[in-house]
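# Structural overview for review
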Amino acid sequence: MKSEAYKGHLAMLMANVLWGCMSPSSKIVLSSGLVNAVSLTTFRMLGAAIVFWIASIFTRKEHVPHEDLKHLFFAALFGIVFNQGTYIFGVSLTSPIDATIVATSTPIITMVIAAFYLKEPITGTKILGIFVGAAGALTLILSGQQAATTGNGSSNVWGDILCLIAQCSFSIYVVVYKGLIGRYSPVTLMKWMFLFATLCWLPFGAEDFVSTRWQAFGWRNFAEVGFIVLGATFLTYLLLPVGQKNLRPTVGCMYNYLQPLVASLVAVLAGMDRFTTIKAAAVVLVFAGVYAVTRSKSKAQMDAEASRR
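Thresholds, definitions, all that
Residues numbered from 1 in each chain as written. Predicted model: local features only at pLDDT ≥ 70, side-chain atom pairs only at ≥ 80, totals over all residues. Heavy atoms only, no water. Axes fitted to C-alpha atoms, helices over the stretch in contact; angles between N-to-C directions. Helix = DSSP H or I, 4+ residues; strand = E, 2+ residues; numbered from the N terminus. Parallel < 35°, antiparallel > 145°, perpendicular 65-115°, else oblique. Left-handed = near helix turned anticlockwise from the far one by under 90°. Contact = heavy atoms within 4.5 Å. Nonpolar A, V, L, I, M, F, W, Y, C, P; charged D, E, K, R; others polar. Salt bridge = Lys/Arg side-chain N within 4 Å of Asp/Glu carboxyl O. Buried < 20%, exposed > 50% of the residue type's maximum accessible area, 1.4 Å probe, protein only. 1 Å grid on protein atoms, 1.4 Å probe; cavity = no way out; pocket = protein on both sides within 12 Å on 5 of 7 lines; lining within 4 Å. Points joined across faces, edges and corners; volume = space filled by probe spheres on them. Lys, Arg positive; Asp, Glu negative; His and termini not counted. Expected span 1.5 Å × (residues − 1). pLDDT = per-residue confidence, 0-100.

## Some words on the packing of helix H2 (residues 37-57) against helix H10 (residues 219-246)
Between H2 and H10, the shortest axis-to-axis distance is 9 Å and the interhelical angle comes to 60°. By the criterion of interaxial angle, the relationship of H2 to H10 is oblique. The interaxial crossing formed by H2 with H10 has right-handed handedness. Facing Leu40, Phe43, Arg44, Gly47, Ala48, Val51, Phe52 and Ala55 of H2, the residues of H10 in contact are Val225, Ile228, Val229, Leu230, Ala232, Thr233, Phe234, Tyr237 and Leu238. Looking at the contact of H2 with H10 residue by residue, the classes come out as 14 nonpolar, 2 polar and 1 charged.

Okay, structure coming up:
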């Protein structure tokens, strides 16, 4: 049992490290002016769908009944389309710092949904861990993006709302489809989910994608986009089901707080930022928060304790 939990922790750690690296990588790609956010999202979904279907050729074949395909369609909507697509449109309307701050709400939203849907207990340790981790993540965000604004120099409440919807949809996916995720291998799950996601997204992103000047790309541009597709999308969504299967939803989502930490460290190593005492304190808070939530009692543990009384 413990080995499965360790596997889940490692999977979520690696996935969020890759997602954290995607933030500065995406900024570099988008700042080139060769591709916009909508086109990049299209390329992520389409590219990941192609790679997952190729990978399925070399893995064990699994039959997915029509009923589960229907559930996977809605899982794709919540876990990919609404999450990635709505977030992109939200970021275009609000400031980057607002969007990143809204993203720290994911563990809180997940805890509430899990309490209602899975009857997971909301303990004092869990609440403390979530808010300590959030404090660390917010400290990193605010220290690194003090001057961040939108193109018109201001944030927009509708953009913030869209970003919040993106976080809510991901939390719903993590909690509601936990049982479905445990039935199939990650490749089987994601080949169908990214196929459905791509089909749903293309009506919104096809025009921008087709008009992208791919001939103007240099090898560095292709390498950066390749990392986003293969590293920050294919590998992360290959690891995500492992974490979902072996960890409680709130515990898995706590690793989201590592993303601004990783993005900050990448920026420091690239000479785009510097490491300060405030950042060091933020790192300690993030890891303390994650540790506290992992130590909180699950429903099964509390039920077992109650039965022994």
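## Quick look at the pattern of salt bridges
What the rule picks out here adds up to 4 salt bridges. The closest approach of N and O atoms between Lys7 and Glu4, which form a salt bridge, is 3.7 Å. Of this pair, Lys7 and Glu4 are both found in helix H1 (residues 2-31), 3 residues apart, which corresponds to roughly one turn of the helix. Note on Lys7: relative accessible area 42%, which makes it partly exposed. One salt bridge in this structure joins Arg183 and Asp68, with 2.8 Å as the shortest N-O distance. A residue pair is termed long-range when its members are at least 10 positions apart, and Arg183 in the loop between helix H8 (178-181) and helix H9 (186-210) and Asp68 in helix H3 (residues 66-93) qualify at 115 residues.

## Focus: empty space enclosed by the protein
In total, this model carries 2 cavities of 30 Å³ or more according to the counting rule given. Here the largest cavity is characterised by a volume of approximately 80 Å³. Lining the largest cavity, in full, are Met12, Phe170, Val174, Leu240, Gly243, Gln244, Leu247, Arg248, Pro249, Gly252, Cys253 and Asn256. Listing elements by their share of the lining of the largest cavity, those giving two or more residues are helix H7 (157-176), H10 and helix H11 (249-254). For the lining of the largest cavity, the residue count by class is 7 nonpolar, 4 polar and 1 charged. In terms of lining residues, the second largest cavity is bounded by Ser56, Thr59, Arg60, Lys61, Glu62, Thr188 and Lys191. For the lining of the second largest cavity, the class distribution of residues is no nonpolar, 3 polar and 4 charged.

## Here's the deal with the packing of H1 against helix H12 (residues 258-269)
When two helices pack together, their arrangement is given by the angle between the helix axes and the distance between those axes. It is at 7 Å that the axes of H1 and H12 come closest, and there the two elements cross at 50°. It follows from the interaxial angle that H1 and H12 lie oblique. Handedness of the crossing formed by H1 with H12: right-handed. Contacts from Leu13, Asn16, Val17, Trp19, Gly20, Cys21, Ser23 and Pro24 in H1 reach Leu258, Gln259, Val262, Ala263 and Val266 in H12. Partitioned by chemical class, the residues of the contact of H1 with H12 number 9 nonpolar, 4 polar and no charged.

## Considering the side chain of Lys126
Structurally, the position occupied by Lys126 is in helix H6 (residues 124-144). For Lys126, which is buried and forms no salt bridge, the nearest opposite charge comes from Glu120, at a distance of 4.1 Å. Beyond its immediate sequence surroundings of up to four residues, Lys126 is in contact with Met111, Glu120, Pro121, Arg248, Thr250, Val293 and Ser296.

## What to know about helix H5 (residues 106-117)
Structural remark: α-helix, 3.6 residues per turn; residues separated by three or four positions point the same way. Helix length check: H5, at 12 residues, gives a terminal C-alpha distance of 16 Å against a target of 16 Å (1.5 Å per residue), a fit within 8%. Of all the positions in H5, only Thr106, Pro107, Ile109, Thr110, Met111, Ile113, Ala114 and Ala115 are classed as buried. Phi for Lys119, located one or two positions after H5, is positive at around 60°.

## Remarks on the environment of Trp201
In this structure, Trp201 sits in helix H9. Classification of Trp201 by relative accessible area gives buried; the value is 3%. When near neighbours in sequence (up to four residues on either side) are disregarded, Trp201 contacts Val38, Thr41, Thr42, Met45, Gly85 and Phe89.

## Some thoughts on the confidence of the model for the protein chain
With 87% of its residues at a pLDDT of 70 or more, the protein chain shows a mean pLDDT of 84. Predicted confidence for residues 146-154 stays below pLDDT 50, and this span has 11 contacts to residues more than four positions away or in other chains.

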